[in-house]
Protein chains: 2
Amino acid sequence: MEKDKPLILVTNDDGITAPGIRTLIEVMNEIGTVCVVAPDSPQSGMGHAITVNDTLYCDKVIIDKNAPQTEYSCSGTPADCVKLATNEILKRKPDLCVSGINHGSNSSINVIYSGTMSAAVEAGTSGIPAIGFSLLDYSLNANFEPIKAFVKKITLECLQNGLPKGVVLNVNFPKLSEKEIKGIKVCRQANAHWIENFDKRKSPLGREYYWLTGEFVNEDKGEDTDEWALKNGYVSVVPVQFDLTAHHVIKDINSWDI
Amino acid sequence: MEKDKPLILVTNDDGITAPGIRTLIEVMNEIGTVCVVAPDSPQSGMGHAITVNDTLYCDKVIIDKNAPQTEYSCSGTPADCVKLATNEILKRKPDLCVSGINHGSNSSINVIYSGTMSAAVEAGTSGIPAIGFSLLDYSLNANFEPIKAFVKKITLECLQNGLPKGVVLNVNFPKLSEKEIKGIKVCRQANAHWIENFDKRKSPLGREYYWLTGEFVNEDKGEDTDEWALKNGYVSVVPVQFDLTAHHVIKDINSWDI
């Protein structure tokens, strides 16, 4: 391991062979010494799941013979990967953990369902600066070229400035060419939610089952939100905290008769 | 459905037959019209996972012949259960969603791993007042009797006062007799984290695998925290928000050169 080079842990939730993480590894190799610990299969929608009632496999793999990073493929969730990396695989605490690049949005309320962001939050709880990156393109063939320079810039700034304690970054990219992207905006999470429309079907044996489908509803018109930034051609950067306490309502609830 | 009685959705993450949810149903039947939509198997550590790449089963079941509630057993996660209940099963928006009573703590940072709390948060994102209840006793034979009166009291206060928008409650109970419980404290989430110790083993075929085990480390000595309350014989009530934006650091990050 070279001296002075930052040690960067890379993970994701789409699985270790997804184009998004391969792009992220490529960019991180320009910045530091890279160790990849990522799920062996897609983990979308896993939120902050951890594996408590099952065993975990974690095997060293070579996916790209000519690249400098070391890589481990793990049977668990993104949060499991970060726990395994920091407590079992890495010899020292990484200087940074990056997760993604997710195929699809993790803006607004999607942050709570996001395996990509759960990895970043998991790192954050151990005091490791962390960033989750997502591109608003669900396709497996999504084009990550236009955003590589932005990923590098944000990562370098994060390494240089550090992150306040208890905070990680949620970065989302619009699906645009590099020229069309207007810049980067630091935002708040838009106050939006999903309305589900379950698709009800019958199995060949006659048992009813459902597919979860939904509609994203954003009634938050704020120009300081991630949704506004993305719709208007900007990269959104939301600082995310994992102290979930609604400090501002403690007084209210203290007035209850309990 | 009786008029004027609140409609209460009950779910959990330990599975529909767990003693904790059976106790919660019993208490809720004293308060309102109860509909249960809960996982068919334990979902501990599932965080805010949702089922996006698989089908969901959700079948009407009768677990307690003489009880008034309707019940559905679902193959998904706690968050799936709430989505199915509110968008497919219930004819109107419930007045309250309660989740639990979890067998084990969801205090402090455990809130981010908690299936119990993810159900409450999921309800909250749809504007439904919601409470997650947890008892600090992992045992399947945990004694829920001492906390029933507290569960009822907190639920009634919540129905009467409502909850501020964007906020749900995380309620944890110490493992004490009713007499020993000193009262209820509205708290902030303690700033604690886990240090993992992976238990490395070899399968009969010689492949290495891990069990996740960990040590809970709380360096937050604040007397306004949930950990302090629980250690000192109080029920902890933490208001939890799902706007994860770290609003206080937006200005800092805006000073970066990005």
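Residues numbered from 1 in each chain as written. Chains lettered and ligands numbered in written order. Predicted model: local features only at pLDDT ≥ 70, side-chain atom pairs only at ≥ 80, totals over all residues. Heavy atoms only, no water.

Going by what an unreviewed UniProt entry lists, chain A is known as 5'-nucleotidase SurE and is assigned to Halomarinibacterium sedimenti. Here chain A is described in UniProt, under the heading Sequence similarities (unreviewed entry), as follows: "Belongs to the SurE nucleotidase family." The record held by UniProt for chain A lists under Function (unreviewed entry) the comment "Nucleotidase that shows phosphatase activity on nucleoside 5'-monophosphates." (UniProt positions renumbered as here; feature names shortened; annotations may be inferred.)

J.: Explain the pattern of salt bridges residue by residue, including any values.
T.: Side chains bearing opposite charge may pair, as long as their charged atoms lie close to each other. Across all of its chains, the model carries 26 salt bridges over all chains by this definition. One salt bridge connects A:Arg188 with A:Asp224, and the closest N-O pair in it is separated by 3.0 Å. You can see A:Arg188 sitting in the loop between β8 (183-186) and β9 (192-196) and its partner A:Asp224 sitting in the loop between β12 (214-218) and α5 (226-231), a full 36 residues away along the chain. Since its relative accessible area comes to 42%, A:Asp224 is described here as partly exposed. With a shortest N-O distance of 3.0 Å, B:Arg92 and B:Asp95 are connected by a salt bridge. Residue B:Arg92 is classed as partly exposed on the basis of its relative accessible area, which comes to 37%. By relative accessible area, which is 30% here, B:Asp95 ends up partly exposed. Residues joined by salt bridges that share partners form a network here, namely A:Glu26, A:Glu145 and A:Lys148. (Salt bridge = Lys/Arg side-chain N within 4 Å of Asp/Glu carboxyl O. Helix = DSSP H or I, 4+ residues; strand = E, 2+ residues; numbered from the N terminus. Buried < 20%, exposed > 50% of the residue type's maximum accessible area, 1.4 Å probe, protein only.)

J.: An account of the environment of B:Asp80 is needed here, citing residue identities and associated values.
T.: Secondary-structure assignment places B:Asp80 in helix α2 (residues 78-89). Taking relative accessible area as the criterion, B:Asp80 reaches 0% and is therefore assigned buried. Through-space distance from the C-alpha of B:Asp80 to that of B:Tyr138 is 24 Å; in sequence the pair is 58 residues apart. Excluding residues within four positions of it along the chain, B:Asp80 makes contact with A:Leu212, B:Ile50, B:Thr51 and B:Leu56. (Contact = heavy atoms within 4.5 Å.)

J.: Report on the sheet that holds strand β2 (residues 33-39) of chain B, specifying residues and quantitative values.
T.: Pairing between the strands of a sheet comes from backbone hydrogen bonds, and it takes one of two forms, parallel or antiparallel. Residues and elements named next belong to chain B. Sheet architecture is open: nine strands sit in the order β3-β4-β2-β1-β5-β6-β7-β13-β8, paired in mixed fashion. Lying at the two open borders of the sheet, with one neighbouring strand each, are β3 (58-61) and β8 (183-186). Within the sheet, the average angular offset between the axes of one strand and its neighbour, ignoring direction, is 20°. Here strand β5 (residues 96-103) pairs with strand β6 (residues 130-135) via five bridges, running parallel. Note that in β6 the partner of Val-98 across the bridge is Ile-131. In the packing of helix α3 (residues 115-125) onto the sheet, contacts are made with β1 (7-11), β5, β6, β7 (167-173) and β13 (234-241), and the angle to β6 comes to roughly 170°. Taken strand by strand, helix α4 (residues 148-161) contacts β5, β6, β7, β8 and β13, and its axis lies near 165° from that of β6. (Pairing = 2+ DSSP bridges. Axes fitted to C-alpha atoms, helices over the stretch in contact; angles between N-to-C directions.)

J.: Give me the lowdown on the relation of the copies chain B and chain A, citing residues and values where you can.
T.: Mapping chain B onto chain A is achieved by rotating through 180° and translating by 0.0 Å along the same axis, at an RMSD of 0.0 Å. Between the two chains, the operation in question is that of a two-fold axis. When the interface residues of chain B are mapped onto chain A, 100% of them are again interface residues, pointing to one common binding face. (Least-squares fit on C-alpha atoms with pLDDT ≥ 70 in both.)

J.: So what's going on with helix α2 (residues 78-89) of chain A? Residues and values would help.
T.: Across the 12 residues of α2(A), nine count as buried, placing the element largely inside the fold. Taken together, the buried positions of α2(A) are A:Pro78, A:Ala79, A:Asp80, A:Cys81, A:Val82, A:Lys83, A:Leu84, A:Ala85 and A:Ile89.

J.: Explain the UniProt feature "domain: Survival protein SurE-like phosphatase/nucleotidase" (unreviewed entry) in chain A to me, using residue names and the numbers behind them.
T.: In the UniProt entry, the feature "domain: Survival protein SurE-like phosphatase/nucleotidase" (unreviewed entry) is given for residues 8-195 of chain A. Here residues 8-195 of chain A is 26% helix and 26% strand, with 38 Å between the C-alpha atoms at its ends.

J.: Explain the side chain of B:Thr51 residue by residue, including any values.
T.: Residue and element names in this part refer to chain B. Along the polypeptide, Thr-51 turns up in the loop between β2 and β3. Residue classification places Thr-51 among the buried residues on the basis of a relative accessible area of 14%. Of note is the side chain of Thr-51, whose polar atom sits 2.4 Å from the side chain of Asp-80. (Polar contact = N/O pair within 3.5 Å; in protein donor to acceptor, adjacent residues only side chain to side chain.)

J.: How would you explain the pairing of strand β5 (residues 96-103) of chain A if you had to name every residue and give the values?
T.: Residues and elements named next belong to chain A. Among the eight residues that make up β5, eight are buried, leaving the element largely enclosed by the rest of the structure. With four bridges joining them, strand β1 (residues 7-11) and β5 adopt parallel strand pairing. Paired with Val-10 across the two strands is Val-98, which belongs to β5. Note on the crossover from β5 through helix α3 (residues 115-125) to strand β6 (residues 130-135): the handedness is right-handed. (Right-handed = clockwise from strand over helix to strand, strands pointing away.)

J.: So what's going on with the packing of α2(A) against α3(A)? Which residues, and what values?
T.: Residues and elements named next belong to chain A. Where α2 contacts α3, the two axes come as close as 7 Å, and the packing angle between them is 30°. Relative to α3, the element α2 is oriented roughly parallel. Between α2 and α3 lies a crossing of right-handed hand. Residue-level inspection shows Pro-78, Ala-79, Val-82 and Lys-83 of α2 in contact with α3, the latter providing Gly-115, Ser-118, Ala-119, Glu-122 and Ala-123. (Parallel < 35°, antiparallel > 145°, perpendicular 65-115°, else oblique. Left-handed = near helix turned anticlockwise from the far one by under 90°.)

J.: Please provide a residue-by-residue account of the interface of chain B and chain A, values included.
T.: Taken together, the contacts link 76 residues of chain B with 76 residues of chain A. Interface area, chain B with chain A, both sides summed: about 7100 Å², of which 64% is carbon and sulfur. Counting across the interface, chain B meets chain A through four salt bridges. Close ionic contact of B:Lys83 with A:Glu196 constitutes a salt bridge, the shortest N to O distance being 3.0 Å. Along the contact surface separating chain B from chain A lie 28 residue pairs in polar contact (both at pLDDT 80 or more). Considering only residue class, the side of chain B that touches chain A consists of 40 nonpolar, 19 polar and 17 charged. (Buried area = accessible area lost by both parts, 1.4 Å probe. Nonpolar A, V, L, I, M, F, W, Y, C, P; charged D, E, K, R; others polar.)

J.: How would you summarise the UniProt feature "binding site: a divalent metal cation" (unreviewed entry) in chain A if you had to cite specific residues and measurements?
T.: Residue and element names in this part refer to chain A. Using the residue numbers shown here, the UniProt feature "binding site: a divalent metal cation" (unreviewed entry) corresponds to Asp-13, Asp-14, Ser-44 and Asn-102. These annotated residues cover 90 residues of sequence, but their C-alpha atoms sit close together, with the largest distance between any two at 9.2 Å. With a relative accessible area of 27%, Ser-44 lands in the partly exposed category. At 3.5 Å, the side chain of Ser-44 forms a polar contact with the side chain of Asp-14. Among the structural elements, Asn-102 can be located in strand β5. With residues near it in sequence (within four places) discarded, Asn-102 still touches Asp-13, Asp-14, Thr-116, Phe-133, Ser-134, Leu-135 and Phe-144.

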